Amino acid sequence: MPEFEAIPDCQPFELTNAAILKAHDVNVYYGEKQALFDVNLEVEKNAVTAFIGPSGCGKTTLLRCFNRMNDVIPICRVEGSITLGGQEIHAPEVDVVALRKNVGMVFQKPNPFPKSIYDNIAYGPRIHGMTKTKAEMDEIVENSLKRAGLWEEVKDRLDKPGTGLSGGQQQRLCIARAIAVEPKIILMDEPCSALDPIATATIEALIEELRERFSIVIVTHSMQQAARISQRTAYFHLGHLVEFASTEQIFTSPEDERTQNYITGRIG
Amino acid sequence: MTEPINIHLAEGNGRHRAETRFKAYGIIAIAVSLGFLCVMVVSIGLRGAPAFTQTFIQIGIELPADKIDRKDIADTRFGALVKSALREMFPDARTRSDKKQLYRLISANAEYTVRERVIDNPDLIGTNANLWVRASSDADLFIRGNIDATLDENQRRISDKQIAWLEQLKTAQKVETRFNTRFLTGGDSREPEQAGILGAVVGSVFSLTVCFLLAFPLGVLTAVYLEEFAERNRISRLIEVNINNLAAVPSIVFGLLGLAIFLNFFGFQRSTPLVGGMVLALMTLPTIIIASRASLRAVPPSVREAAMGIGASKVQTTFHHVVPLAMPGMLTGSIIGMAQALGETAPLLMIGMVAFIADVPQGITDAATALPVQIFLWADSPERGFLEKTSAAIMVLLVFLVIMNLIAIYLRQRLERRW
């Protein structure tokens, strides 16, 4: 049975901030097949919430519900209620563009646009009309890159293509691109799975910093990563949310047997 | 003692031989097709090359001031002057038939050459000028050695007397072979030595321009809508199947459609590049749509997700990211479709672009013909001189095709971006 280190920076479960996003009785279907069953979950403000679980358990599906990325999958159907800051995101008056501006996303594989580094960051603020002058835009680009810890590495080559960066740099560029539009929540879908351990460590440190300004939901396959960076952890199994508690509790005294089996490496 | 590990090729192993054999088949196939290509290009080249040169004959022509009105030079009957000049050069042609043969040494259009010279240089009037005029097609063929003088007289297109005169001219150094600029700068003519390809080239360029302007935006927008926006339902699938089937419809059917709709129903003028381009656009449209959809599908979904993830709308995602990435493929597909349209004859026949048109068209509503139709017309002509013109026109067509394909390759390499 693998030993887990103590998790020093893990917040106690009781010290919760207000919930910014609530999912209530969410069921998701892909055609005939049901992918999520009655999921109830709250995403805490200024905290990192990690989704763990074996492959195909529905964690990415739930994540993509939060910014309605599942809309583009024709056979996908979402039932139940998801509220962002108290507003139902499936309401007819909701503009999905405005929703996605507030709920940013970072994908598993770094996917910078095949454009310059500058344009990668500037695209979001530009389409949302967030700036009036070039100087303002320059500032947003610089701040976003600084917050993503990429500024020092790329400040001399902002006009070079973003696709020319290393994998870890590309992923930080994607994070910078996501935070450039000032979202409230950042969804991260296994952001480190394509990266080496050193790049992963950089991204993890970055997530810890970003927590101050944003609420973060991260899907990860690495239990150690969930333990290192998250305050709350949700364990999914075959489409069911099995257990949702503070990270410390999940990793030290899980209530459900399935969670216990998973985190001790007996399954998954 | 461990057992020896055998990593050598086993004796009698058929796998290795099969691989070698398969490679050999491939090389043979490529060699055979390259061989055919070479034979085709060389034979067309050899046959067409003479069309780019033309024999000229110098005639000493008297331009008496009393027969030419200085104010209205164009009205002068230069034909008679040319004929009398020829009679003077060869006084031995006395009978009617001799004279007729004599006149046939030079192009029937020689009088116009003389007229142009005189208009260009009115100082010639009243003098005895030495002017170069085109040899007739038959004389041209003889000078170039394409007519066998040892044949019986009535089996060749040039008589003993004409041969004698041409030999005289040759010894007097009054025969010259020059580069035939007229072939590249002139319109069609009934006389092979006068016929030029420019009218057909311009007609093709106009038609293809119309075709591109109609088919490219229509095709790309159709593809973008079907690929990015349309719901996948029975109607969109039906449209899809029909577009794919349209690509396989024989081109003459599009010609008939153009005849029925553009000419008979809408009443457009026939034989014009406008209608030709519209018919070619109908024909090219399915190709462009299919190629554009394929290149849209080749854009990785991660690009769409990236754009939508930061709140780009569907239209913004499509036109800011997906279409620019698919553009090289769309352009390549379109150019290949256009190259196909360039070589298309059948639909143009149906809408009357097959007429004999001597003028170079000035616009898309002038009557015109197109390169492949011109080739067809010349190949159909009985005059032997058109034989080489036909091959030369094929060379011109091939050059245009090669140019278009090079543009496609250039655009693809230039615009292609990695992701």
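Residues numbered from 1 in each chain as written. Chains lettered and ligands numbered in written order. Predicted model: local features only at pLDDT ≥ 70, side-chain atom pairs only at ≥ 80, totals over all residues.

### Notes on the overall build of chain B
Thought 1: Looking only at helices and strands, chain B features 16 helices and three strands.
Thought 2: For a compact globule of 419 residues, the expected C-alpha radius of gyration is about 22 Å, and chain B comes in at 30 Å, more than 25% above that figure.
Thought 3: Going through the 419 residues of chain B one by one, you find that 37% of them count as buried.
Thought 4: Nonlocal contacts in chain B, meaning residues at least 24 apart in sequence, comprise 77% of its contacts between residues at least 6 apart. (Helix = DSSP H or I, 4+ residues; strand = E, 2+ residues; numbered from the N terminus. Rg over C-alpha atoms; globule rule 2.2 N^0.38 Å. Buried ≥ 20, exposed ≤ 12 C-beta atoms within 10 Å, placed from the backbone. Contact = placed C-beta atoms within 7 Å.)

### With respect to the overall build of chain A
Thought 1: When you go through chain A residue by residue, the secondary structure sums to 10 helices and 10 strands.
Thought 2: For 268 residues, the compact-globule estimate of 2.2 N^0.38 gives 18 Å, and chain A sits close to it at 18 Å.
Thought 3: Overall, the C-alpha framework of chain A stretches about 55 × 45 × 35 Å when taken along its three principal axes.
Thought 4: Excluding contacts between residues fewer than 6 apart, the proportion of contacts in chain A whose partners are at least 24 apart in sequence is 70%.

### Some remarks on the pairing of strand S4 (residues 76-84) of chain A
Residues in a regular strand project their side chains so that they alternate between the two faces of the sheet.
Residue and element names in this part refer to chain A.
Thought 1: As paired strands, strand S1 (residues 19-30) and S4 are joined by eight bridges and run antiparallel to one another. Across the sheet, Val28 pairs through a bridge with Val78, a residue of S4.
Thought 2: Summarising the sheet, S4 and strand S5 (residues 87-88) pair through two bridges and their orientation is antiparallel. Pairing of Thr83 across the sheet is with Glu88, part of S5.
Thought 3: Hairpin connection between S4 and S5: a loop of two residues separates the two successive antiparallel strands, and Gly85 in this loop has a positive phi of roughly 55°. (Pairing = 2+ DSSP bridges.)

### Quick word on the confidence of the model for chain A
Thought 1: Here chain A averages 86 in pLDDT, and 93% of its residues register 70 or above.
Thought 2: The low-confidence segment residues 1-15 of chain A (pLDDT under 50) makes 18 contacts with residues lying over four places distant or belonging to another chain. (pLDDT = per-residue confidence, 0-100.)

### Looking at the nonpolar core
Thought 1: Counting 80 residues, the largest nonpolar core has Ile185, Ile186 and Val217 of chain A as its most contacted members.
Thought 2: Ignoring sequence-local partners within four residues, the contact set of Ile185 of chain A consists of Ile20, Leu21, Val43, Phe66, Val103, Phe214, Ser215 and Val217 of chain A.
Thought 3: Counting residues in each nonpolar core, the second largest holds 59 residues, with Leu280, Val323, Ala326 and Leu331 of chain B among its members. (Core = buried A, V, L, I, M, F, W, Y, C linked by C-beta atoms within 7 Å.)

### Regarding the domain arrangement of chain B
Thought 1: As far as domains go, chain B holds domain 1 (54-178) and domain 2 (198-415).
Thought 2: Computed over C-alpha atoms only, the centres of domain 1 of chain B and domain 2 of chain B are separated by 46 Å. (Domains from an automatic or database assignment.)

### Section: the sheet that holds strand S1 (residues 53-62) of chain B
All names here are of chain B.
Thought 1: Taken in spatial order, the three strands of this open sheet run S2-S1-S3, and their pairing is antiparallel. The strands lining the two open edges of the sheet, one partner per strand, are strand S2 (128-134) and strand S3 (175-179). Going from strand to strand, the sheet's axes swing by 35° on average, the running direction of each strand aside. (Axes fitted to C-alpha atoms, helices over the stretch in contact; angles between N-to-C directions.)

### A closer look at helix H12 (residues 301-309) of chain B
Thought 1: For H12 of chain B, every residue scored as buried is listed here: Ala306, Ala307, Met308 and Gly309 of chain B.
Thought 2: Buried residues belonging to H12 of chain B abut helix H2 (96-102) and strand S6 (103-106) of chain A together with helix H13 (314-342) of chain B.

### With respect to the interface of chain A and chain B
Thought 1: Taken together, the contact pairs 19 residues of chain A with 17 residues of chain B.
Thought 2: Sorting the residues of the side of chain A that touches chain B by element identifies H2, S6, helix H3 (117-127) and helix H6 (167-179) of chain A as the ones contributing at least two each.
Thought 3: Here the side of chain A that touches chain B takes three residues from H2 of chain A, the largest share from any one element.
Thought 4: The class makeup of the residues in the side of chain A that touches chain B is 10 nonpolar, five polar and four charged. (Nonpolar A, V, L, I, M, F, W, Y, C, P; charged D, E, K, R; others polar.)

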